[in-house]
Structure formats: structure tokens, C-alpha cells
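# Coordinates in review
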Amino acid sequence: MHTHKLRAASWLLASTAVCSLPSWANTQHDAHVHGQVELNIAQDGNDLLLEITAPASDVLGFEHAPHTEAEQQALSTALQQLKQPASLFVLPAEARCSLQDSHITHTLPSHSDDEHEGHDEHEHEHEHEHEDHHGHAEFSVQSVYRCEQIQELGQLTLNWFSHFPATENIQVQAISDKGQKATTLNAAQPVFRF
Ligand SMILES: [Zn+2]
């Protein structure tokens with residue numbers, strides 16, 4: 001169980017990909033970035049793809065496989081929220097967007113309590129430490145919309161912050177007919193304008 005209190009400023013500037021760099025593997029496990037979510041927006045004709053990638057610690061408060069009943073419950077609650085893109089994004093009604101497809105993935109280590117039966121407590125804890133050393137886990141949600149009046153799609157409001165208050169910033173990268181745009185949103189300013 002790590003606390004992530006030691007986030008250096010330079011690490012905040014790095015992309016989430018840093019977790020996979022070998023040089024980080026054997027150092028302390030506070031090295032990866034939490035509180036930072038990425039949103040990619042791609043519009044092509046009437047199609048709109050929203051892809052949001054978030055640290056599991058932002059979504060769940062932990063990033064190991066759920067061990068306790070409370071953690072199992074946290075995971076299933078989070079999955080229910082992520083399954084409803086309407087609770088994450090608000091699109092202008094006049095753009096007449098309808099959800100075509102939505103897909104959730106996560107990189108939590110697969111692991112069940114059953115695997116620990118017969119293990120003594122020391123082994124159990126050791127295994128968890130081992131996982132934490134290797135594990136920065138993320139959730140990713142891809143949502144595809146078809147918008148009948150795509151020209152009315154002037155903005156996108158993120159409800160993410162009210163569901164997942166551990167998130168400090170959402171880095172947005174957008175590609176649309178209006179060009180490319182990159183910006184940072186937060187709870188005080190959750191609206192992306194194309
Ligand atoms: Zn992490």
C-alpha cells in the first residue's frame with residue numbers, strides 16, 4: 001500500500017507512460033502520477049470518439065486487485081459509473097449525439113482472494129507489496145457517439161470531477177474539424193470548448 005505523497009513536480013509533467021520505463025521499475029513506488037487524467041477527443045465526420053484514461057487510484061482509491069469486500073464494492077460501483085458515459089460527459093443537446101458504443105478496460109492485476117487460501121499472513125502481505133511495486137493501474141473508457149448535428153458540438157462538459165474528486169486535472173487533446181487543441185481542465189473549469 002503506497003501513499004503517493006512524494007510526487008515531484010517534474011513527475012507531474014511527465015506522461016503516464018513513465019510507469020513503463022524500466023528505470024522506474026526498481027525505484028520507489030511513489031513514482032507514478034496520480035490525480036492526472038487524460039482525455040482524447042477525436043471527431044471524424046459525424047462520429048465522435050472520447051477516450052478517457054485515469055489512474056486506478058483516482059477511480060478507486062487503490063490500484064491493487066480488490067481484496068476486501070469494501071474494495072470489491074468500490075470496483076463494481078466504479079465500473080457502473082464508467083459504464084454510463086452520460087455521467088462522465090455532457091454533450092450539447094442540439095448536437096443530437098447518441099452513444100453507439102462504450103468500452104471499459106483496466107489494468108488492475110487479476111487476483112482473487114481464493115488464491116491466498118492456505119497462505120500465511122506473511123506471504124499474503126509480501127505478495128501485495130510485490131504487486132504494488134509493479135503496479136500502476138489505470139482505467140480507460142472509450143465511448144463512440146454519432147452526432148446528427150455535429151456542427152453544433154461547440155463544447156463538452158466533464159462531470160468526471162464530481163464522481164472522482166481525487167482527480168486534480170484532466171489533460172485534453174482534441175482533433176476535430178476545428179483543428180487540434182490541447183488544454184487542461186479541472187473541477188473549477190470542467191468545460192472543453194472546441
Ligand atoms: Zn499509481
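Let me sum up the structure you'll find in this document. (Residues numbered from 1 in each chain as written. Predicted model: local features only at pLDDT ≥ 70, side-chain atom pairs only at ≥ 80, totals over all residues.)

## Overview of the overall build of the protein chain
What counts, and what does not: Put simply, DSSP H or I for four residues or longer makes a helix, DSSP E for two residues or longer makes a strand, and each gets a number counted from the N terminus. Labels follow a simple rule on C-beta atoms placed from the backbone: if 20 or more others lie within 10 Å of a residue's own, it is buried; if 12 or fewer, it is exposed; otherwise it is partly exposed. Distance between backbone-placed C-beta atoms decides contact: two residues are in contact if it is within 7 Å.
A tally of regular secondary structure across the protein chain gives six helices and nine strands. Per-residue burial for the protein chain yields a buried fraction of 25% across its 194 residues. Put simply, 70% of the contacts in the protein chain that link residues at least 6 apart link residues at least 24 apart.

## Notes on the nonpolar core
Quick reminder of the rule: In this description, a nonpolar core means buried residues of the types Ala, Val, Leu, Ile, Met, Phe, Trp, Tyr and Cys, linked to one another by C-beta atoms lying within 7 Å.
Counting 31 residues, the largest nonpolar core has I52 and V59 as its most contacted members. Going through the elements one at a time, β1 (36–44), β2 (47–55), α3 (56–60), α4 (69–82), β5 (138–147), β6 (155–158) and β7 (169–176) are the ones with two or more residues in this core. Every residue in contact with I52, bar those within four places of it in the chain, is listed here: V37, L39, L88 and V141.

## Digging into the sheet that holds β6
For clarity, the threshold we go by: At least two DSSP bridges between two strands are needed for those strands to be called paired.
If you trace the three strands from one edge of the open sheet to the other, you get β3-β6-β9, paired in antiparallel fashion. Every other strand in the sheet has two partners, leaving β3 (89–90) and β9 (191–193) as the edge strands with one partner each. Summarising the sheet, β6 and β9 pair through three bridges and their orientation is antiparallel. Bridge assignment links Q155 to a residue of β9, and that residue is R193.

## Quick word on the sheet that holds β1
Across a sheet, paired strands are connected by hydrogen bonds in the backbone, their directions being either parallel or antiparallel. Convention followed: Structural elements are reduced to axes, namely lines fitted to C-alpha atoms, with helices fitted over the stretch in contact, and the angle between N-to-C directions of any two is expressed from 0 to 180 degrees.
Read from one edge to the other, the open sheet built from six strands follows the order β4-β5-β2-β1-β7-β8, with strand pairing classed as mixed. Sheet topology places β4 (97–106) and β8 (179–185) at the edges, where each strand pairs with a single neighbour. Strand-to-strand twist of the sheet, defined as the mean angle between neighbouring strand axes without regard to direction, takes the value 15 degrees. In this structure, β2 lies alongside β5, joined through nine bridges in antiparallel fashion. Of the residues in β5, the one forming a bridge with L48 is Y145.

## Side note on unusual backbone geometry
As a rule of thumb, non-glycine residues mostly have phi less than zero, and peptide bonds are mostly trans rather than cis. Even without a glycine there, the phi angle at R96 is positive, about 50 degrees. Inspection of the secondary structure assignment puts R96 in the loop between β3 and β4. We classify R96 as partly exposed; it has 16 C-beta atoms within 10 Å.

## Some thoughts on the pairing of β4
Counting buried residues along β4, only one of its ten residues qualify, which leaves the element largely exposed. Examined bridge by bridge, β4 and β5 share nine bridges and lie antiparallel to one another. Bridge assignment links L99 to a residue of β5, and that residue is Y145.

## Details of the pairing of β1
Taken together, the seven bridges between β1 and β7 define a ladder with parallel strand orientation. Paired with N40 across the bridge in β7 is Q173. Alignment of β1 against β2, held across seven bridges, turns out to be antiparallel. Directly across from Q43, in β2, lies its bridge partner L48. As consecutive antiparallel partners, β1 and β2 are separated by two residues, and within that stretch G45 has a phi angle of approximately 60 degrees, a positive value.

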